[in-house]
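Below, each chain spelled out in residue letters.
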Amino acid sequence: QVQLIESGGGLVQAGDSLRLSCAASGRTFSSYAMGWFRQAPGKEREFVAAISRSGGSTDYADSVKGRFTISRDNAKNTVTLQMNSLKREDTAVYYCAADFRIVITRRPSDYDYWGQGTQVTVSS
């Protein structure tokens, strides 16, 4: 069993930055890849970013590439999502998720554990 708790969401203005964190517990953190997803009202959950077990591989959705950075600290059991140059369309609930596969994936159904989410609201 893995427990994931997100933090760092809030209300910001367009162009601002925000840093989300996800704290993991329950199993060896370095044994699973991590992903960030988001879900806006009335929309399906969508992939944002993912990072491999070691942190050596990352993947980003085109919509956030160049603005968002995913990283992990296996010693502290945390994964972070640094979000810069935020836009109104980034407004959503952001979720972190854990996946025990070796290859990082964009499919939500591939992830085994999910956090409760943290709200990010970007105003213009």
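Going by the structure above, here's the rest.
Here's what I pulled together on the structure shown here.

Calculation rules
- Residues numbered from 1 in each chain as written.
- Predicted model: local features only at pLDDT ≥ 70, side-chain atom pairs only at ≥ 80, totals over all residues.
- Heavy atoms only, no water.
- Helix = DSSP H or I, 4+ residues; strand = E, 2+ residues; numbered from the N terminus.
- Contact = heavy atoms within 4.5 Å.
- Disulfide = S-S within 2.5 Å.
- Buried < 20%, exposed > 50% of the residue type's maximum accessible area, 1.4 Å probe, protein only.
- Phe/Tyr/Trp six-rings, centres within 6.5 Å; stacked < 30°, edge-to-face > 60°.
- Lys NZ or Arg CZ within 6 Å of the ring centre and 35° of its normal.
- Pairing = 2+ DSSP bridges.
- Axes fitted to C-alpha atoms, helices over the stretch in contact; angles between N-to-C directions.

What follows concerns the side chain of Thr118. You can see Thr118 is positioned in strand S11 (residues 118-123). Once residues within four sequence positions are removed from consideration, Thr118 is found in contact with Glu6, Ser7, Gly8, Gly9, Leu20, Ala92, Val93 and Tyr94.

To continue, consider the state of the cysteines. A complete count under the given rule lists one disulfide for this structure. Residue pairing for Cys22: its cysteine sulfur links by disulfide to Cys96, the two sulfurs lying 2.0 Å apart. Taking the sign of the S-S torsion, about 50° here, the bridge from Cys22 to Cys96 comes out right-handed. Of this pair, Cys22 sits in strand S3 (residues 18-25) while Cys96 is found in strand S9 (residues 92-99), placing the two residues 74 residues apart along the sequence. Taken as a pair, Cys22 and Cys96 share a single burial class, namely buried.

Working definition: an aromatic ring pair is given by the centre-to-centre distance plus the angle between the planes. Evaluation of the coordinates by the stated rule reveals eight aromatic pairs. Taken together, a centroid distance of 5.1 Å and an interplanar angle of 65° make the contact between Tyr32 and Phe100 edge-to-face. Here Phe100 lies in the loop between S9 and strand S10 (113-114) and Tyr32 lies in the loop between S3 and strand S4 (33-39), a separation of 68 residues in the sequence. Taken together, a centroid distance of 6.4 Å and an interplanar angle of 80° make the contact between Tyr95 and Trp114 edge-to-face. Taken as a pair, Tyr95 in strand S9 and Trp114 in strand S10 lie far apart in primary sequence, 19 residues in all. We classify Tyr95 as buried; its relative accessible area is 13%. Classification of Trp114 by relative accessible area gives partly exposed; the value is 25%. An aromatic cluster of at least three residues, connected via ring pairs, comprises Phe37, Phe47, Tyr95, Tyr111 and Trp114. Stacked on the ring of Tyr95, the Lys or Arg Arg45 has its end atom at 3.8 Å from the ring centre. Over the aromatic face of Trp114 sits the side chain of Arg45, whose NZ or CZ is 4.7 Å from the ring centroid.

Turning our attention to the sheet that holds S3. Read from one edge to the other, the open sheet built from four strands follows the order S1-S3-S8-S7, with strand pairing classed as antiparallel. Two strands bound the open sheet, and with one partner strand each, they are strand S1 (3-7) and strand S7 (68-73). Each adjacent strand pair in this sheet contributes to an overall mean axis angle of 15°, direction not counted. With six bridges joining them, S7 and strand S8 (residues 78-83) adopt antiparallel strand pairing. By the bridge assignment, Thr69 is partnered in S8 with Gln82.

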